[in-house]
Amino acid sequence: MDPIGSINPKKDTTLAFMLEAQLRGWQIIYMEMADLFMHNGRPEARMRHVNVFNNTNNWFEFVGEEYGLLSSLDIILMRKDPPFDIDYIMATYILEKAEATGVLVVNKPQSLRDVNEKVFTAWFPQCCPPSILTRSKNAVKSFLDIQGKIAVKPTHKMGGQSVFIITKGDPNTNVIIEEVTQSESRYIQAQAYIPEIATIGDKRIILIDGVPVNYGIARIPNGDDHRGNLAAGASANGFTLTERDYWICSQIGPTLKERGLLFVGIDVIGEYLTEINVTSPTGICEINKIFDVNIASMFFDRLNTIIQKRHSTM
């Protein structure tokens, strides 16, 4: 995960997972990216033992450390936030070697590499708004001419970073496209603007091993920002999944399960799937609080079932 001292303990999903693991009597081992390494082909790490607390002023303490084989662990949760860069890819190679020894790595390392959170929606065009993946300024401008209003996003960031809304005729169009594509050197995704973002919000839906949780949060942009991201200041309202939401989940759920993506957060605006978040999906603390549920417990029930099934076949 990212450095535990830098998280927001009030709403951090990874901390919620750690608290659930501790409640169940599971031993928690903490690792950052710099702790992972490969030695003569063996995946190893600096492993710190940690206790966690449901306290916004004092939420963790380290109680020892060791260097050891990742194969000594039962489950590894990969919860490092984007950017998705070459160092992230290197970490997935190390985790894939651990997986080959029998460790359950969540989410599956190969799928973390294969499933870009913005681009993978293209595997389900029946669920998505009109969109284009390109690095060409002219292609984006042609798409804007057709749609009239679009959202443009970099493919490697999170939390609404560098997301722009462009309306046809905006004098800043060229400079926005140049900035986001870094002068046509990076691919970006552009999607037709969905007006429901301003009223209904950007809905976060959680899927556990391909099955949706019945409740979610709708992140509604504040008055001076177009982004439906809590990190960008959006407010959160609870909602119960609609028939359309369940249909979208039914379209993507089997593929997520097949690819070993056990914990996923999808984004839905209006009637459309806009993102499939697989690296470090968040939102469970807000959902838990609004609906008095425990999504971490649901997730760990599933992990426990998988582990018990593995042990029974060994």
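In the block above lies the structure referred to throughout.
Cut-offs applied
- Residues numbered from 1 in each chain as written.
- Predicted model: local features only at pLDDT ≥ 70, side-chain atom pairs only at ≥ 80, totals over all residues.
- Heavy atoms only, no water.
- Pairing = 2+ DSSP bridges.
- Helix = DSSP H or I, 4+ residues; strand = E, 2+ residues; numbered from the N terminus.
- Axes fitted to C-alpha atoms, helices over the stretch in contact; angles between N-to-C directions.
- Contact = heavy atoms within 4.5 Å.
- Core = buried A, V, L, I, M, F, W, Y, C linked by side-chain atoms within 4.5 Å.
- Buried < 20%, exposed > 50% of the residue type's maximum accessible area, 1.4 Å probe, protein only.
- Expected span 1.5 Å × (residues − 1).
- Arc of directions from axis to C-beta.

With that out of the way, let us pick up the sheet that holds strand S10 (residues 188-192). Taking strand neighbours across the sheet as the criterion, the 4 strands line up as S7-S10-S8-S9 in an open arrangement whose pairing is antiparallel. Looking along the sheet, the strands with just one partner apiece sit at the ends: strand S7 (131-134) and strand S9 (164-167). Strand after strand, the sheet turns through a mean of 25° between neighbouring axes, direction not considered. Here S7 runs beside S10; their pairing, made up of 4 bridges, is antiparallel. When the sheet's bridge partners are listed, Leu 133 is paired in S10 with Gln 189. Helix-sheet contacts for helix H4 (residues 137-147) involve S7, strand S8 (149-154), S9 and S10, and the interaxial angle to S8 is about 145°.

Among the nonpolar cores identified, the biggest contains 38 residues, and Leu 70, Ile 266 and Ile 276 are the most heavily contacted of them. If one sorts the elements of this core by residue count, helix H2 (residues 86-100) sits on top with 5 residues. With sequence-adjacent residues up to four places away left out, Ile 276 is seen in contact with Glu 117, Phe 120, Thr 121, Phe 124, Leu 256, Val 264, Gly 265 and Ile 266. Ranked by size, the runner-up nonpolar core spans 32 residues in total, among them Trp 59, Ile 217, Phe 300 and Ile 306.

Right, let's get into helix H8 (residues 295-312). The periodicity of an α-helix, 3.6 residues per turn, causes residues three or four positions apart to be oriented the same way. Counted at 1.5 Å a residue, the expected span for H8 with its 18 residues is 26 Å, and the 26 Å between its end C-alpha atoms agrees. Burial in H8 covers these residues: Ile 295, Ala 296, Phe 299, Phe 300, Leu 303, Ile 306 and Ile 307. Axial view of H8: buried residues confined to an arc of 125°, hence all on one face. Among the exposed residues of H8, those pointing more than 90 degrees away from its buried face are Lys 309 and Ser 312. Where H8 is buried, its residues touch helix H1 (13-23), strand S5 (75-77), strand S6 (104-106), strand S11 (202-208), strand S15 (263-269) and helix H7 (284-291).

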